[in-house]
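For reference, the chains in residue letters:
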Amino acid sequence: MPILNKDMTLCISLSARPSNNGTRFHNHLYEQLGLNWIYKAFRPTDIEQAIAGVRGLGIRGCAVSMPHKEAVIPLVDHVTESAAAIESVNTIVNDDGVLTAYNTDFLAVAQLVEDLDQGLSVVVRGSGGMAKATVAALKSAGFGDVTVVARNEERGRALADQYGFAYAAEVPETATMLVNVTPVGMDGGDGEGQLSFTQAQIDRAEVVFDVVAVPAETPLIRAARDAGKRVITGAQVMTLQALEQFVLYTGITPTDEQVAAAEEFMRAQA
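All of the points below concern the structure found in this document. Note that this is a predicted model, so its numbers are computed, not measured.

Some words on the side chain of Gln 245
Relative to the elements of secondary structure, Gln 245 occurs in helix H9 (residues 234-250). A distance of 2.9 Å separates a polar atom in the side chain of Gln 245 from a polar atom in the side chain of Thr 91. Look past the residues within four positions of Gln 245 in its chain and what remains in contact with it is His 26, Ala 63, Asn 90, Thr 91 and Thr 104.

Topic: the sheet that holds strand E11 (residues 207-210)
Strand order in the open sheet made by the six strands is E9-E8-E7-E10-E11-E12, with parallel pairing throughout. The sheet is open, and its two borders are formed by strand E9 (166-168) and strand E12 (230-232), each paired with just one other strand. Shown here is a sheet whose adjacent strand axes are inclined to one another by a mean of 20 degrees, direction ignored. Pairing of E11 with E12 involves three bridges; the strand directions are parallel. Looking at the pairing, Val 207 lines up with Arg 230 of E12.

Some thoughts on the pairing of strand E8 (residues 146-149)
Across the two faces of E8 the burial is the same, with Val 146 and Val 148 and Thr 147 and Val 149 all buried. Bridging between strand E7 (residues 122-125) and E8 involves four bridges; their strand directions are parallel. Note on E8: the bridge partner recorded for Val 122 is Val 146. What joins E7 to E8 is helix H5 (residues 129-141), and the crossover it makes is right-handed. As defined by bridge partners, E8 adjoins E9 across three bridges and the pair is classed as parallel. Note on E9: the bridge partner recorded for Val 149 is Ala 168. Following the backbone out of E8, through helix H6 (residues 153-162) and into the adjacent parallel E9, one traces a crossover that is right-handed.

A few points about the packing of aromatic side chains
For any pair of aromatic rings, geometry is given as the distance between the ring centres together with the angle between the planes. Following the criterion strictly, the structure yields two aromatic pairs and no others. Three or more aromatic residues joined by ring pairs make a cluster, and in this case those are Tyr 30, Trp 37 and Phe 246. Just above the ring of Phe 197 sits the side chain of Arg 125; from NZ or CZ to the centre is 5.0 Å.

Section: the sheet that holds strand E3 (residues 61-64)
Two pairing modes exist for strands in a sheet, parallel and antiparallel, and in both the strands are linked by backbone hydrogen bonds. One open sheet holds the six strands; their spatial order is E2-E1-E3-E5-E6-E4, and the pairing between them is mixed. Looking along the sheet, the strands with just one partner apiece sit at the ends: strand E2 (37-42) and strand E4 (78-79). Across four bridges, strand E1 (residues 9-14) lies against E3 in parallel orientation. Its bridge partner being in E3, Cys 11 is matched across the sheet by Gly 61. With respect to the sheet, H9 is in contact with E1, E2, E3, strand E5 (91-95) and strand E6 (98-102), its orientation differing from that of E5 by roughly 10 degrees.

So, the packing of helix H1 (residues 21-33) against helix H10 (residues 256-268)
Contact geometry for H1 and H10: axes closest at 8 Å, N-to-C directions at 140 degrees. One finds that H1 runs oblique with respect to H10. Considering the relative orientation of H1 and H10, their crossing is right-handed. Here H1 contributes Asn 21, Arg 24, Phe 25, His 28, Leu 29, Gln 32 and Leu 33 to the contact with H10, which in turn contributes Gln 258, Val 259, Ala 261, Ala 262, Glu 263, Phe 265 and Met 266.

Observations concerning helix H2 (residues 47-56)
The periodicity of an α-helix, 3.6 residues per turn, causes residues three or four positions apart to be oriented the same way. Of all the residues in H2, the buried ones are Ile 47, Ala 50, Ile 51, Gly 53 and Val 54. In a view along the axis of H2, the buried residues occupy a sector of 150 degrees, so they form one face of it. Set apart from the buried face of H2 by more than 90 degrees, the exposed residues are Glu 48, Gln 49 and Gly 56. A side-chain oxygen of the first residue of H2 lies 3.0 Å from the backbone nitrogen of Glu 48; this N-cap is Asp 46.

Here's the deal with the environment of Ile 73
As for its placement among the helices and strands, Ile 73 is situated in the loop between E3 and E4. We classify Ile 73 as partly exposed; its relative accessible area is 25%. Between the C-alpha atoms of Ile 73 and Thr 147, which are 74 residues apart in sequence, the distance is 26 Å. Setting aside its immediate chain neighbours within four residues, Ile 73 contacts Val 79, Glu 87, Ser 88 and Val 89.

Let's talk about unusual backbone geometry
Met 66 connects to Pro 67 through a cis peptide bond whose omega is 5 degrees. Assignment of secondary structure puts Pro 67 in the loop between E3 and E4. At the junction of Val 214 and Pro 215, the peptide bond is cis and its omega measures out at 5 degrees in the coordinates. The residue Pro 215 is located in the loop between E11 and helix H8 (219-226) in this model. One non-glycine residue, Asp 96, adopts positive backbone phi at about 55 degrees.

Each value, and the rule that gives it
- Residues numbered from 1 in each chain as written.
- Predicted model: local features only at pLDDT ≥ 70, side-chain atom pairs only at ≥ 80, totals over all residues.
- Heavy atoms only, no water.
- Helix = DSSP H or I, 4+ residues; strand = E, 2+ residues; numbered from the N terminus.
- Polar contact = N/O pair within 3.5 Å; in protein donor to acceptor, adjacent residues only side chain to side chain.
- Contact = heavy atoms within 4.5 Å.
- Pairing = 2+ DSSP bridges.
- Axes fitted to C-alpha atoms, helices over the stretch in contact; angles between N-to-C directions.
- Buried < 20%, exposed > 50% of the residue type's maximum accessible area, 1.4 Å probe, protein only.
- Right-handed = clockwise from strand over helix to strand, strands pointing away.
- Phe/Tyr/Trp six-rings, centres within 6.5 Å; stacked < 30°, edge-to-face > 60°.
- Lys NZ or Arg CZ within 6 Å of the ring centre and 35° of its normal.
- Parallel < 35°, antiparallel > 145°, perpendicular 65-115°, else oblique.
- Left-handed = near helix turned anticlockwise from the far one by under 90°.
- Arc of directions from axis to C-beta.

Worth remembering: the numbers are spatial, not functional.
The structure is reproduced here in structure tokens:
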């Protein structure tokens, strides 16, 4: 990484629970490509002031994580069509003070589920910004049997209705694909070390998908692997969505080998 200097381009992430995943991934790619860029994670105390800082300080790119993915929408100048439809943002690009919002979570999830059996009976637990991106990606990929299970019934029903899916207060016994889009299992959270689905539900499933990226092997993913299930991890989501962000920020598409090296560095340091 270059020594800090006045010409260095800055990208940041904003999250209530920052991790080093994005920081390691982006900075490793900057170093491989010889870019005079740096990436830093922040925990904002005021999201409006943070976004004003992105604009006023000329920060090139800004990743947005929970719980700010919806709150930033009125703070930017333009929202891409997919992000507007989902009503959730995870990426902001600053072009000379003009802020444009994207959702690369949607693109990542869509890639990860594209080769799955569309006949699976899917349960998505959660109703926040990442849940919106996930449900939209499932709809786009052709899944028809999707049930949203959420603690907030109003938000859960609204999300399900938006895509013509079902809402339920409890996980149906017929579920063959489980998707956790809640913070349960996240390091440092209230649900750290806990399972977002029961062992019986995991045993009945064919595919288990946890969007939580920290730790890379969540309690849910470990339980699913032990039960012999196909798993999709939050670390995979993180890599794909971060790659999309990198391209949006820099205009450069790294090689597969460079991405693999950045991903290996990210996971080795976790």
